[in-house]
Every structure is written in structure tokens, then in C-alpha cells.
Amino acid sequence: MAKSSENPRHYKLVTRACFLLFILAMLALYGQVDLYRATFISPFISAGIMIVAGLLFTLLLRKRLAPYFATRSFPLHLLYHSLTAGSFVLFLLMWLNFHNHGTSQKVHTPIISKGNLSKGKYGSCARPYIRIKYKGHKKQVVLNCNDRTEMYNSTDLTIAKGMLGFEVILGVELVYDF
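Residues numbered from 1 in each chain as written. Predicted model: local features only at pLDDT ≥ 70, side-chain atom pairs only at ≥ 80, totals over all residues. Heavy atoms only, no water.

Caption draft 1: A look at the pairing of strand β3 (residues 137–142). In terms of strand pairing, strand β2 (residues 128–134) meets β3 through 6 bridges, oriented antiparallel. Across the sheet, I132 pairs through a bridge with K139, a residue of β3. In this antiparallel pair of consecutive strands, β2 and β3, the connection spans 2 residues, and K135 shows a positive phi of 50 degrees. (Pairing = 2+ DSSP bridges. Helix = DSSP H or I, 4+ residues; strand = E, 2+ residues; numbered from the N terminus.)

Caption draft 2: Quick look at the sheet that holds β3. The strand order across the open sheet built from 5 strands is β3-β2-β1-β4-β5, with neighbouring strands paired in antiparallel fashion. Single-partner strands in this sheet number two, and they are β3 and β5 (167–175). Each strand axis lies, on average, 35 degrees off the axis of its neighbour in the sheet, ignoring direction. Here strand β1 (residues 101–116) runs beside strand β4 (residues 154–162); their pairing, made up of 8 bridges, is antiparallel. In the sheet register, Q105 faces β4, and the bridge partner there is I159. (Axes fitted to C-alpha atoms, helices over the stretch in contact; angles between N-to-C directions.)

Caption draft 3: Structural view of the layout of surface pockets. If you add up the space inside the largest pocket, you get close to 230 Å³. What lines the largest pocket is D34, R37, A38, R127, Q140, V141, V142, I169, L170, G171 and V172. Looking at the lining of the largest pocket, the elements that each hand over two or more residues are α1 (8–37), β3 and β5. Considering every element that reaches the lining of the largest pocket, the biggest residue donor is β5, with 4 residues. Classifying every residue of the lining of the largest pocket by side-chain character gives 6 nonpolar, 2 polar and 3 charged. Taken as a whole, the second largest pocket holds about 170 Å³ of empty space. Forming the boundary of the second largest pocket are Y30, G31, V33, D34, R37, L117 and R127. Per-class residue counts for the lining of the second largest pocket are 3 nonpolar, 1 polar and 3 charged. (1 Å grid on protein atoms, 1.4 Å probe; cavity = no way out; pocket = protein on both sides within 12 Å on 5 of 7 lines; lining within 4 Å. Points joined across faces, edges and corners; volume = space filled by probe spheres on them. Nonpolar A, V, L, I, M, F, W, Y, C, P; charged D, E, K, R; others polar.)

Caption draft 4: Quick look at helix α2 (residues 43–65). Taking the largest bend as the criterion, α2 deviates by roughly 45 degrees, centred on L59. Among the residues making up α2, those that are buried are S46, M50, A53, G54, T58 and L65. At the N-terminal boundary of α2, the capping side chain belongs to S42, with an oxygen 3.1 Å from the backbone nitrogen of F44. (Bend = angle between axes of the 7 residues up to and from the residue. Buried < 20%, exposed > 50% of the residue type's maximum accessible area, 1.4 Å probe, protein only. Polar contact = N/O pair within 3.5 Å; in protein donor to acceptor, adjacent residues only side chain to side chain.)

Caption draft 5: Looking closely at the pairing of β5. Alignment of β4 against β5, held across 8 bridges, turns out to be antiparallel. Counted as the bridge partner of K161 is E167 from β5. Hairpin connection of β4 to β5: 4 residues between the antiparallel strands, including G165 at a positive phi of 95 degrees.

Caption draft 6: Highlighting the environment of S87. By the element assignment, S87 lies in helix α3 (residues 74–99). Separated by 57 residues in the primary sequence, S87 and N144 have C-alpha atoms spaced 26 Å apart. When near neighbours in sequence (up to four residues on either side) are disregarded, S87 contacts A25, M26, A28, L29, M50 and S82. Engagement of the side chain of S87 in a polar contact is seen with the backbone oxygen of L83, the distance being 2.5 Å. (Contact = heavy atoms within 4.5 Å.)

Caption draft 7: How the structure looks around the pattern of salt bridges. Counted by the stated rule, this structure contains 3 salt bridges. Between E173 and K106 there is a salt bridge whose closest N-O contact spans 3.3 Å. Of this pair, E173 sits in strand β5 while K106 sits in strand β1; the two residues are 67 residues apart in sequence, bridging distant segments of the chain. Owing to a relative accessible area of 41%, E173 belongs among the partly exposed residues under this scheme. A relative accessible area of 56% means that K106 is categorised as exposed. (Salt bridge = Lys/Arg side-chain N within 4 Å of Asp/Glu carboxyl O.)

As C-alpha cells, then:
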């Protein structure tokens, strides 16, 4: 651990910057949830991206940041870098994939199941969702608060292939089939 008596101002600055990066990374991870919900990607790929980015940043920065952390443990450094750098890298890749897509197409899929997310603590709505299966991927599609799913049994999805090759859902239209 770095001796705070050598340069206490520098030590505080770096430790606070690491903490701030961690908080910003958690916000990026929170924002990434909606991108993940709209992208047909395996959770193993998402986790793999975070772990690989964390491993690379750990190998590059471990010795430089070791004096500012309370431990020299490789697993703890890997965890920190996977959550910080991994979150930023994953958010960037998912954002690029979602916002840089090709032409879209409408796809008709049956609804496997329906439900509602839990109601928020402060009176927000219990958002309805549907589960669909598209090209072997099961996906939960969260709808707006005032959408009703009870009478629908299929959906028309507007889908496009993203910049990184993962398909994204651009729109959802509930359909009643007789």
C-alpha cells in the first residue's frame, strides 16, 4: 500500500478517481440493461467480454495501481477491473451494435409466456413483458406500462442486424391471431 505520508494529496486523488470510476461503471452497467434486453446476445458472451476486458486491464495496470489498493491479490484486482473496465467496454460495444444497424425487417413470432415485472417501491407501474423465441434465442421483451398483453398471442418484431452482428429489436407490435 502506498504510504500516504509520501504524497497524501496524490494518494487521495488516485483512490478517489478509482472509486469514481467504479461508480460510473455501475451506472454504465445499469444503462446497459436496456441495450441487453433489446439485443439477441448470449449472457455468456456479455460476461466473457467483461472478464476479458478485466483481465487485460488487470495485466496492464495491476502493478501501477497496487500501491493504491489495500491488497495485491490478483483475483480482487481482476474483479475490480472486470467491473469497471469491463462495464465500460461492454456498454460501448452494445451501444455501437444497437445504434449502428442495417436495414430492418418485420418478423412474426409467437408469445411463449407473459407476465409483469415487480412494481417499484415508489409507485411505479408493474411493466408487462412477453417471452418470445427467435432463432433459438429466448428473449424477454419488456413493454410500456399501459400495454396490455392478455388478449395477444403473437408479436411482430422489427429486427435489424447490428454493427457487431448481433440482431437488435427496434420495435414491438402485439398481434391477436385467431
